[in-house]
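# Fold and contact review
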Amino acid sequence: MTKIKVALVGVGNCASALVQGTCYYRNMEEEADAIGLKRLFLGGYHPRDFEFVSAFDIEARKVGKDLSEAIFSPPNITLRLTDVPRLDAPVLKGQVLDGVGEYLKNVVTIDASPTVDVAQKLKENDAEIVVSLLPSGARKASAWYAKEALKAGCAYVNATPAFIASDAAWVKSFEKARLPIVGDDLVDQVGATILHKVLLKTLADRGVRVSETYQLDVGGGTESLDTLERTREVKRILKTKSVETALPYKASVIAGSTDYVDFLENRRDSYFWIQGLFFGRTPLQLDLRLSSVDAPNAGSIMFDVIRAVKIALDRGIAGPLLSVSAYAFKRPPQAMSLEKAEGMFEGFIRGEVER
Ligand SMILES: NC(=O)c1ccc[n+]([C@@H]2O[C@H](COP(=O)([O-])OP(=O)(O)OC[C@H]3O[C@@H](n4cnc5c(N)ncnc54)[C@H](O)[C@@H]3O)[C@@H](O)[C@H]2O)c1
């Protein structure tokens with residue numbers, strides 16, 4: 001297969017898991033051996049087909065280093081899954097804009113070197129797909145990099161909650177430039193929202209009348225700290241709305257109230273509480289904790305998304321990839337049920353669904 005030439009915007013914990021994952025799975029040939037991956041091969045592409053040709057950040061301890069080193073530089077704190085050989089992709093200085101929130105000012109050291117011409121670098125390095133892994137509160141920076149991707153003729157993957165793929169004006173610009181776009185806000189492989197919805201749906205399907213439920217979570221790492229300051233409220237609204245759709249009747253639902261616990265590092269603990277009534281109004285309670293690690297939780301879905309975008313480029317498909325976005329993102333341009341999104345995504349890979 002040809003290489004998939006990827007440029008990373010934001011060399012944080014997620015970028016670290018993504019890059020490490022391509023090395024971790026490199027020599028595997030059998031789906032059965034690829035533990036932790038939904039698909040080892042997708043449309044013929046394997047994770048070893050990824051080539052990281054450019055990377056942009058603003059952290060002094062990452063800018064100027066090879067990507068293979070920068071992913072292990074502080075304040076990154078996620079797990080080391082494997083060793084990463086030199087990638088010959090130096091991390092270049094991007095525009096800071098709103099990339100560093102108030103709560104991160106004491107954690108992040110902004111590099112003093114001048115900003116590079118990002119579009120020019122993307123062109124020089126033959127990047128095909130720009131993957132934005134900026135902090136969730138970096139809305140202006142997200143928009144700026146999307147513009148640079150357009151200028152350079154690259155497809156765009158927005159893993160952040162900034163409104164890009166769900167914004168009609170951005171979608172039009174990518175359609176006009178004949179480039180694919182997917183987003184917004186990546187779903188986790190095993191996220192709290194999906195697990196909460198599956199639990200509620202199972203109870204409702206079995207005739208339980210759920211009256212109250214909440215899901216609260218705590219995490220460490222820079223993204224949790226940024227969320228605490230800039231996106232906690234909006235995330236809570238989005239998650240609560242999403243979880244409510246799992247029940248066919250009204251109940252008291254609160255989902256996604258996040259807090260920051262520094263010693264958890266990149267780990268996340270999600271707590272679920274459900275109360276309801278079953279036969280003869282007999283009470284039922286469920287109390288559960290999911291312990292996971294944030295960055296690796298993004299890896300499997302990111303692998304699928306990047307390969308699906310490459311398939312769109314191979315087929316000359318431009319504009320919003322509705323099936324890919326509905327399958328892999330929390331706020332796609334067109335939302336659909338989990339089953340439908342999964343089916344559409346598979347159909348897209350087989351070439352039966354156009355976008
Ligand atoms: N499982 C997951 O971790 C997961 C799931 C869904 C969505 N996401 C999203 O992925 C994004 C990245 O998450 P993360 O945990 O890697 O965050 P992180 O804080 O570890 O990394 C963000 C990186 O962006 C860099 N950055 C900040 N401003 C910049 C700028 N202007 N230009 C270039 N780089 C800049 C930071 O220095 C840092 O290296 C977030 O928006 C998050 O919401 C993550």
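The rules behind the values
Residues numbered from 1 in each chain as written. Predicted model: local features only at pLDDT ≥ 70, side-chain atom pairs only at ≥ 80, totals over all residues. Axes fitted to C-alpha atoms, helices over the stretch in contact; angles between N-to-C directions. Helix = DSSP H or I, 4+ residues; strand = E, 2+ residues; numbered from the N terminus. Parallel < 35°, antiparallel > 145°, perpendicular 65-115°, else oblique. Left-handed = near helix turned anticlockwise from the far one by under 90°. Contact = placed C-beta atoms within 7 Å. Nonpolar A, V, L, I, M, F, W, Y, C, P; charged D, E, K, R; others polar. Domains from an automatic or database assignment. Pairing = 2+ DSSP bridges.

## Brief notes about the packing of helix 6 (residues 192–205) against helix 7 (residues 221–244)
Running from amino to carboxyl end, helix 6 crosses helix 7 at an angle of 25 degrees, the nearest separation of the two axes being 9 Å. Here helix 6 lies roughly parallel to helix 7, going by the angle between them. Crossing of helix 6 over helix 7 shows right-handed handedness. Here helix 6 contributes Thr193, His196, Lys197 and Leu200 to the contact with helix 7, which in turn contributes Lys239, Ser242 and Val243. Classifying every residue of the contact of helix 6 with helix 7 by side-chain character gives 2 nonpolar, 3 polar and 2 charged.

## Some points on the domain arrangement of the protein chain
We note that the domain assignment places domain 1 (4–187 + 296–350) and domain 2 (192–293) within the protein chain. Relative to domain 2, the C-alpha centre of domain 1 lies at a distance of 27 Å. Taken together, the contacts link 20 residues of domain 1 with 17 residues of domain 2. When its residues are assigned to classes, the side of domain 1 that touches domain 2 shows 10 nonpolar, 7 polar and 3 charged.

## Remarks on the sheet that holds strand 1 (residues 4–9)
Strand order across the open sheet formed by 7 strands is 3-2-1-4-5-6-11, with parallel pairing between neighbours. Two strands lie at the open edges of the sheet, namely strand 3 (91–93) and strand 11 (319–320), each paired on one side alone. Here strand 1 runs beside strand 4 (residues 129–132); their pairing, made up of 4 bridges, is parallel. Bridge assignment links Val6 to a residue of strand 4, and that residue is Ile129.

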